[in-house]
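A look at the structure
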Amino acid sequence: MPNQVLIIEPQNELKFKVDFAGLFELGHTTYMQLTNPSEHTVLFKIKTTAPKKYCVRPNSGVLSANSKVDIAITPQPVHVDNTEKHKHKFMVQSVIAPEGKTNIDQVWKEISPDQLMDYKLKCVFETPRGANLNDSGDTAPPAEIAKKRAPVEDAKLLTKTSFPKSENLESDLQKATNEVIHLREEESKLRHENLRLKEELLRVHQGGESRMPRGHSYGPEKTEQIALMPWIATAIGMALLGIIIGKFLM
């Protein structure tokens, strides 16, 4: 197997933010940059061991000589169990484009495995406090873990002694959790629709350029940074805050 011709940043790890319940942080996107320092046109694909948990744009394309592209990796609003975190990995596959071939899909079908250049990156999950979590839990030193947990335990004790437990608390929390999941699913649908519209706009733009004469069979792929619609994240954040405050005031 030949050495990877592309320069990949970050080199070893892709970092994602999760809360203490194991849910991906809403609206957070991790970026990976591919650079082609060679004088050849290079085809690339991005693969992952957990395709249902991540949205990758673009997940394949063409890099002309001395060009680069940013890959946006956006987690879905789903829960990640500790037992599966160490299984999440990404792989960049690339191959030098054969001369005279214009059908990219056909090139990938005909290419032999010994011509592929593979590069793997592991996923690292960070909690709001900045601690990295893997399949064994918090990797911080024991003393640091104790310091982190002490305020949490004190808060739990204060809550138990100050407020009587409501008989319907579990039911209320379950309803709040379901509402949060529903809001995240709606936000994810809107985000995908936004990406789809941007991709269609890019295809129309590239279609117009394809009618202009070019000197090479492969044209440089133009990418756009994904807009995550900050107003949606703000609205959902306010809704979540209202739900949490409302549940504990009732």
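Rules used in this analysis
- Residue indices follow the written sequence of each chain, beginning from 1 at its first position.
- Per-residue local features of the predicted model are confined to residues with pLDDT of at least 70, and side-chain atom pairs are confined, for both listing and counting, to 80 or more; whole-chain, interface and lining totals are unaffected and use all residues.
- Excluded from the side-chain calculations are hydrogens and water; all other atoms, namely the structure's heavy atoms, are used.
- Just to be clear on terms, a salt bridge is a Lys or Arg side-chain nitrogen sitting within 4 Å of an Asp or Glu carboxyl oxygen.
- Secondary structure elements are taken from DSSP: a helix is a run of H or I of four residues or more, a strand is a run of E of two residues or more, and numbering for both begins at the N terminus.
- Note on exposure labels: buried denotes an accessible area under 20% of the residue type's maximum, exposed denotes more than 50%, and partly exposed covers the range between, all computed with a 1.4 Å probe on protein chains only.
- For this analysis, residues touch if any pair of their heavy atoms sits within 4.5 Å.
- Whether two strands pair comes down to DSSP finding at least two bridges between them.
- Identification of polar contacts relies on pairs of N or O atoms within 3.5 Å, with a donor-acceptor requirement for protein atoms, meaning one able to donate a hydrogen and the other able to accept it, and with residues adjacent in sequence counted only if both atoms are side-chain atoms.

1. Looking at the pattern of salt bridges
Scanning the entire structure with this criterion turns up 5 salt bridges. The residue glutamate 13 makes a salt bridge to lysine 122 at a minimum N-O spacing of 3.7 Å. Placement of the pair is glutamate 13 in strand S2 (residues 13-17) and lysine 122 in strand S9 (residues 117-126), with a sequence separation of 109 residues. The partly exposed category is assigned to lysine 122, whose relative accessible area is 44%. Lysine 15 is the salt-bridge partner of glutamate 126, the closest N and O atoms lying 3.9 Å from each other. Of this pair, glutamate 126 sits in strand S9 while lysine 15 is found in strand S2, placing the two residues 111 residues apart along the sequence. Here glutamate 126 falls in the buried class, since its relative accessible area comes to 18%.

2. Quick word on the side chain of threonine 35
By secondary structure assignment, the location of threonine 35 is in strand S3 (residues 30-36). Aside from chain neighbours lying at most four places away, what touches threonine 35 is Val5, Leu6, Ile7, Ser67 and Lys68.

3. Things to note about the pairing of S2
What you see with S2 is a clean split: Leu14 and Phe16 sit on the buried side and Glu13, Lys15 and Lys17 on the side with no burial. Of the strand pairs in this sheet, S2 and S9 are connected by 5 bridges, and their pairing is parallel. Its bridge partner lying in S9, lysine 17 is registered against glutamate 126.

4. Looking at the side chain of asparagine 36
Its place among the elements puts asparagine 36 in strand S3. Its relative accessible area of 0% is what places asparagine 36 among the buried residues. In this structure the side chain of asparagine 36 is engaged in a polar contact, spanning 2.6 Å, whose partner is the side chain of serine 38. The residues touching asparagine 36, leaving out its near neighbours within four places in the chain, are Leu6, Thr41, Val42, Leu63, Ser64, Ala65, Asn66 and Ser67.

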